[in-house]
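Inside the fold
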Amino acid sequence: MYVGLAKLSLVIGDSHSLKEKRMVIRRIKDRVRERLGITITEVGELDVWQRAELGAAVTSNERSKALELIDDVVRVAMAAGGAQIVAIAKDTITFDAAPLPFAEVDDRTGSADKAQGQDEWVPEEWKREPT
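As a starting point, this report considers the structure included with it. All figures in this text were calculated on a predicted structure; none of them were measured in a lab.

Considering the environment of Thr-94
Tracing the backbone through its elements, the reader meets Thr-94 in strand β4 (residues 84-94). Here the alpha-carbon distance between Thr-94 and Tyr-2, two residues 92 residues apart in the chain, equals 4.7 Å. With residues up to four places along the chain from it excluded, the contact list for Thr-94 reads Met-1 and Tyr-2.

Okay, structure coming up:
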């Protein structure tokens with residue numbers, strides 16, 4: 001499995017507040033998600049009005065497809081407008097960890113589980129037989 005990663009550094013020249021910055025970032029994030037189905041998030045420069053860093057990750061069974069998806073993210077982000085991309089860092093890594101055994105744990109709680117397991121929660125007057 002291949003994991004494609006990208007970090008985009010943006011300059012938002014027309015932003016004069018964090019609110020204006022968030023509007024531009026939201027437009028880019030929404031456009032990427034609508035067009036590609038890929039989530040992109042703000043990962044750096046969170047409190048700076050005119051700069052932002054966005055990050056995205058994709059997975060694929062082919063390295064070339066992962067890089068192609070990352071290039072599509074960059075292309076759509078550039079076309080969204082409102083910000084100038086000044087730097088792009090992208091990479092593809094191979095993830096081939098050996099699978100570990102999985103033991104399912106049923107730790108749900110609720111009235112049905114309590115009723116099957118214990119009687120402490122039932123009030124004494126409910127336990128008595130009607131006469």
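Focus on the sheet that holds strand β2 (residues 40-44)
Strand order in the open sheet formed by four strands is β2-β3-β1-β4, and the pairing between neighbours is antiparallel. Sheet topology places β2 and β4 at the edges, where each strand pairs with a single neighbour. Geometrically, the sheet is characterised by an average inter-axis angle of 25° between neighbouring strands, direction not taken into account. Across ten bridges, the pairing between strand β1 (residues 2-11) and strand β3 (residues 51-60) is antiparallel.

Observations regarding helix α2 (residues 63-80)
An ideal rise of 1.5 Å per residue puts 26 Å on 18 residues; α2 measures up with 26 Å between its terminal C-alpha atoms. Of the surrounding elements, those touching the buried residues of α2 are β1, α1 (18-36), β2, β3 and β4. Once α2 ends, the next one or two residues include Gly-81, with phi positive near 80°.

Rules used throughout
Residues numbered from 1 in each chain as written. Predicted model: local features only at pLDDT ≥ 70, side-chain atom pairs only at ≥ 80, totals over all residues. Heavy atoms only, no water. Helix = DSSP H or I, 4+ residues; strand = E, 2+ residues; numbered from the N terminus. Contact = heavy atoms within 4.5 Å. Pairing = 2+ DSSP bridges. Axes fitted to C-alpha atoms, helices over the stretch in contact; angles between N-to-C directions. Expected span 1.5 Å × (residues − 1).

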